[in-house]
Amino acid sequence: MKLYSCIVTGDQFLSDKFPIVEKMDGFYTVKGKVFEEDSTGGIGVDVISTYRLVETTYERKREYMTYLKDYTQIILDRLKQEGKSASEIELAKEELVRAFEAVYDDLNKFTFYCGESMNPDGLIALLE
């Protein structure tokens, strides 16, 4: 089984157990299934439950954009540490910007989830 983890926190976010579509390098769409939770009678999503993701919020788009700016810098610094070339780092930056632009206008449609560690510097998954 292939596991996908946040490179900042190590939190697991998904695996190939779930249907995954790679939208662009490092950005994925995953199809989860809604289920009824026996213990609470509420509903859950299997991907969220499996990896113990924790709901978080951003009150304003500006807050989310601040997170994205910080997260992007962490990722770019990590790529530099791994010895990636300047052109590879620039390409990654362009892909990050493109991915974030794709969701920015529709942020109100998403619920945000951080990993089990609840580290605010780590990956934030979006549930539509």
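Thresholds, definitions, all that
Residues numbered from 1 in each chain as written. Predicted model: local features only at pLDDT ≥ 70, side-chain atom pairs only at ≥ 80, totals over all residues. Heavy atoms only, no water. Core = buried A, V, L, I, M, F, W, Y, C linked by side-chain atoms within 4.5 Å. Buried < 20%, exposed > 50% of the residue type's maximum accessible area, 1.4 Å probe, protein only. Helix = DSSP H or I, 4+ residues; strand = E, 2+ residues; numbered from the N terminus. Contact = heavy atoms within 4.5 Å. Phe/Tyr/Trp six-rings, centres within 6.5 Å; stacked < 30°, edge-to-face > 60°. Lys NZ or Arg CZ within 6 Å of the ring centre and 35° of its normal.

(A) Highlighting the nonpolar core. Grouped together as the largest cluster of nonpolar side chains are 28 residues, with contacts concentrated most on Leu53, Tyr64, Tyr67, Leu76 and Leu79. Put simply, the parts of the chain that give this core at least two residues each are strand S2 (12–15), helix H1 (46–50), helix H2 (61–81), helix H3 (86–104) and strand S8 (111–114). Dropping the residues within four chain positions of it, Leu53 is found in contact with Gln12, Phe13, Ile48, Tyr113, Cys114 and Gly115.

(B) Just the packing of aromatic side chains, in detail. As enumerated under the stated definition, the model contains eight aromatic pairs in all. Centre to centre, the rings of Tyr67 and Tyr71 are 5.6 Å apart; their planes meet at 20°, and the pair counts as stacked. Of this pair, Tyr67 and Tyr71 are both found in helix H2, four residues apart, which corresponds to roughly one turn of the helix. In this pair, the class of Tyr67 matches that of Tyr71, namely buried. Among the aromatic residues, those joined into a ring-pair cluster are Tyr58, Tyr64, Tyr67, Tyr71 and Phe112. The ring of Tyr104 has Lys61 lying over it, and the distance from NZ or CZ to the ring centre is 4.5 Å.

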